Each structure stands twice: as structure tokens, then as C-alpha cells.
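Listed below, chain by chain, are the residues.
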Amino acid sequence: MEFFVSWYHGDACYPVYDNHCSLLVSITSVPFDWTVQSLLQPPRRLLIDSGAFHLVTASSISPRLLADNGMYDEKGATLKAGAQSIEEKISQLSPKKVLERQLSILGEEQIPTIVCALDYPILDPHLSLQEKSKCITQTIAFAWEFKHLLEERRMSSHVTPMAIIQGYDIDTLKWCAHELAAIDFPLYGLGSLAPLKRHEPIMERVRAVASIIEPERLHIFGVSAIQTILALKEMGIHSFDSARPAKAAAYNEIFYSHPFRRFGILEPSSEGSKLKGRIPRVNRLTEPLKCQCPICVEHPESILVVGKRANIKARGVHNYYHLKRVLCDAPIC
Ligand SMILES: [Zn+2]
């Protein structure tokens, strides 16, 4: 099973530390003129999503960024992303411009790349059934348009399209999977899992979709729990992505593997005072444990420094190393 690490502009460049790094980039998480050539080292594989999830969940994406990325048609470029309903936001996305932006991110690079169809994430539990159904039919319509665009363009062999399955329960996910399978894609991604959080409800949905789409053609979006990652691997799932290494690093969390453990940082200044964050004092480190990651072999103390951008990046690389080690059962190369 392949692990795509979610990458935001400003995160550590994981491919510098891992020759086999697979990166997930979202259109809306990089500047409008960003290309993969801007990285110090290109990833081994790339997954470029449509930005729809980020657009729906973030309230602070600048309209300029969206407009410059072709996320809005000209008429919509003056609208404020944060001030709109989800429906208004997504209704102004253009599948054609999203695909063009995905391909411009890749440029002339021949990296094996998955490009995701634009979808309509269902993340708001307060939506009516009618609104949720509309999200699904719109996702299917976007997939049709995506397929048509790909046929028109005759894509290079290193670019693989992925349709996104959306639904709000087992039946609607299966229905969406059926409809997308009829359009026929080499790969399918399963979205809308983020609000579930718990392992069993997530796995229930994955198993339902895997009864229609073979696990080896399924990507599972936004997985962070180790138990879930290992269960997906056991099922023979094609791939998953996680933003957990960098997110945990930003929250001053440090991972170790074999077995997987999670620690906080005990700053000298916090002696006797109330601690921030959820990790208890007993699980906080004042010095790093033994580690062979590319950061710790040179500057092990750097992962314990709080508040500085460079140290958060270093911690992100350390966390990535251990998360990947859990999955691959082997150190990164
Ligand atoms: Zn380390």
C-alpha cells in the first residue's frame, strides 16, 4: 500500500529525505504559479487533488489564489471564499480549469502522477438529504466531464485519473461507486470520511465500497489512525494519504515507531506550570530518544525545539519517517 504524505507549501520537502517519497499536493495549498519543479527534489510519485476538500473545509483561502488557480470562472473571481456557502463555493469550480491547473503543476515532469476529478465533499452534517444527494449527483457529473476532458486530451501514460466516491452512508456510497464504475476509471478515491473519526465506522464504509471497487484500485483520503492504516494495508488497499506528520509536528508531537508511540515536549519553562495540549506530563520528553531518521542522525535535539518554523519542519520529517516505518516495516531509503 502506498502512503502519500500531504504536503502544504511551507512544509519540509520530504523527497529530500526520502527517495521513495509519494506526495499529495492540493491545488489550493500551493501558490498559483507553483510547479513541482519548485521542489528541491521531486517526489517519486505525485497525487494532485482538486482542492475541493480544502476549499470546503478552509475559511481563509484568498479569492485571489482561487481565481489565479482557475478555481473560479471570471464572474466568480470577485466572490469571497470564506463568506459563501459550500454550495456556492463548489458551484463555481470549473472541472476544466482544475484539470489544467493540475497539469500545470506537473509541467514537463514525467513523474507517475494521479490527478483527481473534481468532487463535491459532504462534510456538513446539517445538510438536508436533498442537499447531500445533490453533492453526490454533482460529483458523478464532474466525473463524466473529467473523463470526457481526458479523452479529448489523450493523457500521457504517466498520468492516471482518479474518480472520487462521495456519499453520506453505506447505501449512497455504494450507489456513487456503482455510477462511477460505469464511467470506468483506473483508480477511485473514497472521500467524506473525515467527520467519522472513529475506526469502525470508517472501515465499514471502506468495506462497503470495496465490495464494488477492488481494493487494489482504491485510495482512502485523509487517514491518520495507525489502527486504520494497518487495517487498510491488510485489505490490500492501493493507497492512502495523511497530513499527520506535519500537523502533529505543529502541535509539538513527536512519533516513534516499533512500537508506534506519541510524545509531547516538556519545555524547561513549563516546570511546575499548567501544560498546554492534551499530552500528559509523563509522556513528554526533555531529550530525544534514540532515532535513525535523517534529522536525528545529525541534530537530534532540533526536534524538541518549540515555536520555530525550522524545528517544526524537522519534527515533521522525523514524524514522517516513523509513520512510514510503521507502514512499510522498513526504514525509508
Ligand atoms: Zn528522528
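The structure displayed is predicted, hence computed values, not measured ones.

Asker: Provide a residue-level description of the coordination of the zinc ion, including the pertinent values.
Answerer: Listed as protein donors to the zinc ion are Cys291 (SG), Cys293 (SG), Cys296 (SG) and His318 (ND1); their distances from the metal cover 2.0 to 2.3 Å. Around the zinc ion, the four donor atoms sit at angles spanning 107 to 115°, and that spread fits a shape best called tetrahedral. Sequence spacing among the residues donating to the zinc ion works out to C-x1-C-x2-C-x21-H. According to the relative accessible area criterion, Cys296 is buried, its value standing at 6%.

Asker: Account for the environment of Leu218, naming residues and giving values.
Answerer: Along the polypeptide, Leu218 turns up in strand β7 (residues 218-220). Measuring from C-alpha to C-alpha, the distance between Leu218 and Met162 comes to 9.1 Å, with 56 residues separating the pair along the chain. Other than its neighbours up to four places away in sequence, Leu218 contacts Ile165, Tyr188, Val209, Ala210, Ile213, Ile237, His238 and Ser239.

Asker: Give a description of the packing of helix α5 (residues 95-106) against helix α6 (residues 129-153) that names residues and reports values.
Answerer: Following both chains from N to C, one finds α5 and α6 inclined at 55°, their axes separated by 10 Å at the closest point. With respect to α6, the axis of α5 lies oblique. The two elements α5 and α6 cross, and the hand of that crossing is right-handed. Between α5, through Pro95, Lys96, Leu99, Glu100, Gln102 and Leu103, and α6, the contact on the second element is made entirely by Phe142, Glu145, Phe146, Leu149, Leu150 and Arg153. Of the residues belonging to the contact of α5 with α6, the class tally is seven nonpolar, one polar and four charged.

The rules behind these values
Residues numbered from 1 in each chain as written. Predicted model: local features only at pLDDT ≥ 70, side-chain atom pairs only at ≥ 80, totals over all residues. Heavy atoms only, no water. Donors = N, O, S within 2.8 Å, 3.2 Å for Na, K, Ca; no water. Tetrahedral: all angles 85-135°; square planar, octahedral: opposite > 155°, others 65-115°. Buried < 20%, exposed > 50% of the residue type's maximum accessible area, 1.4 Å probe, protein only. Helix = DSSP H or I, 4+ residues; strand = E, 2+ residues; numbered from the N terminus. Contact = heavy atoms within 4.5 Å. Axes fitted to C-alpha atoms, helices over the stretch in contact; angles between N-to-C directions. Parallel < 35°, antiparallel > 145°, perpendicular 65-115°, else oblique. Left-handed = near helix turned anticlockwise from the far one by under 90°. Nonpolar A, V, L, I, M, F, W, Y, C, P; charged D, E, K, R; others polar.

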